[in-house]
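Coordinate inspection notes
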Amino acid sequence: MATTIGSFALSLVITTAPPSRTSVRMSAPARVEPTLEQVYADIAAAQPAQQAAYEEWIQSGEVDTEGLVAAAAAQGCTLDVRAGHLAYAPDFQPVPLCFDFMYCRHGKTMGNTEPRVFQGYVDESNNFLTDVGLEQAEEAADKLDALGVSPALVVLSPLSRASETGMAWVRRHPEMEKVTETWEEAAEMRFGSWDNMMVKDLDKENMCHLFYLAQNVVVSAPAPYVRPSDGTAFAAESFVTMLNRMRGMLDKLNEKMAPLAAEREAAGAPPPLVVMYGHSMAGAALSILTNNGKKVDGQSYLGFDGKYIMPNATPVYLHQCK
């Protein structure tokens, strides 16, 4: 700004300093992770999307639905492919067994402790018995001792969580070692690429969730499980496929035990007893085949997971000869 005073021109320059600013850093609000209950609730709410994905899959030609229907029928069951439900057929007959049959699911592992995983044909560190599981194995041995049984055959799954549960009893009775065998057929259901994945980490719209939310016996993973220790790949199987594997094992047991069963019957002695140490889904399949399957509340179809699962480390009779 210029101002004239007499003959002088006085130039005044007024400089306005910028206001002082105090730098303030605002931190972003911390992200609140959803609780496990919220995650599971979101997964349950996404069941319509899971069903849509499942229906698209069965219509894609990637799954042999006719073969699965036939496989279910071969075991005296009906299969509703669209719903993925298995039911006893009106003319269902349990597998005739020449021996008494007792089954015991393994003790607790990290895999069936929340946050749980799809725990199938896997034998990694998180699938081993926990301290609680080891205690349960001893408790299962106590229960078997209380029954005073003397098995003609003890069958162990090759997966350590089941074999260790069984060996807790066998080690108490060294004479039983000579009748204790490990059978590959007794292993748990193969979940393929879902195996050892935490349920909460799988996309909420993935049809895998129908396995336990809707008791769907058709769903199976799109890729195999690859064992980290040696790179061996194990193809996924559905519950129906595993049901047929369990039937084959019962037939093998019948063939093995038939001579001893006949010998005991001729002598007027009780039938031989087979005790098997295995898993939840394998046990559910064997329960169905022996007419011990559990129907979903208020429905005609069968349940096998969640509330219908076998308890850990509890020997139960699936068959007793009359």
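Residues numbered from 1 in each chain as written. Predicted model: local features only at pLDDT ≥ 70, side-chain atom pairs only at ≥ 80, totals over all residues. Heavy atoms only, no water.

So, about the nonpolar core. Among the nonpolar cores identified, the biggest contains 64 residues, and Phe101 and Phe239 are the most heavily contacted of them. When residues no more than four places from it in sequence are discounted, the contact partners of Phe239 are Leu86, Met189, Phe211, Val217, Met281, Ala284, Ala285, Ile288 and Phe304. In terms of nonpolar packing, the next biggest core, distinct from the first, is built from 17 residues, Met102, Cys104, Leu273 and Tyr277 among them. (Core = buried A, V, L, I, M, F, W, Y, C linked by side-chain atoms within 4.5 Å. Buried < 20%, exposed > 50% of the residue type's maximum accessible area, 1.4 Å probe, protein only. Contact = heavy atoms within 4.5 Å.)

It is worth spelling out the side chain of Asn254 at this point. Looking at the secondary structure, you find Asn254 in helix α7 (residues 239-266). Judged by relative accessible area, which is 16%, Asn254 ranks as buried. Ignoring any residue separated from it by four or fewer positions in sequence, one finds Asn254 in contact with Pro96, Leu97, Cys98 and Phe99. (Helix = DSSP H or I, 4+ residues; strand = E, 2+ residues; numbered from the N terminus.)

This brings us to helix α1 (residues 36-45). Along α1, the positions that sit buried rather than exposed are Val39, Tyr40 and Ile43. Summarising the axial view, the buried residues of α1 lie within an arc of 95°, below the 170-degree limit, and thus occupy one face. Residues Glu37 and Ala45 are exposed on α1 and point more than 90 degrees away from its buried face. Elements that come into contact with the buried residues of α1 comprise α2 (47-59) and α6 (210-213). (Arc of directions from axis to C-beta.)

Before going further, it helps to spend a moment on unusual backbone geometry. With an omega of -5°, the peptide bond between Glu114 and Pro115 qualifies as cis. As for its placement among the helices and strands, Pro115 is situated in the loop between β5 (100-105) and α4 (131-147). The phi dihedral of Asn291 falls on the positive side, at around 70°, and the residue is not glycine. Within the secondary structure, Asn291 is located in the loop between α8 (280-289) and β11 (294-295). Non-glycine residue Ala313 carries a positive phi angle of around 50°. When you line up the elements, Ala313 lands in the loop between β12 (302-303) and β13 (316-319).

Within a regular strand, side chains alternate between the sheet's two faces. Burial along strand β6 (residues 153-156) is two-sided: the face carrying Leu153 and Val155 and the face carrying Val154 and Leu156 are both buried. Across four bridges, the pairing between β6 and strand β10 (residues 273-278) is parallel. What sits directly across from Leu153, in β10, is Val274. Alignment of β6 against strand β7 (residues 180-182), held across three bridges, turns out to be parallel. Across the sheet, the residue bridging to Val155 is Glu181, located in β7. (Pairing = 2+ DSSP bridges.)

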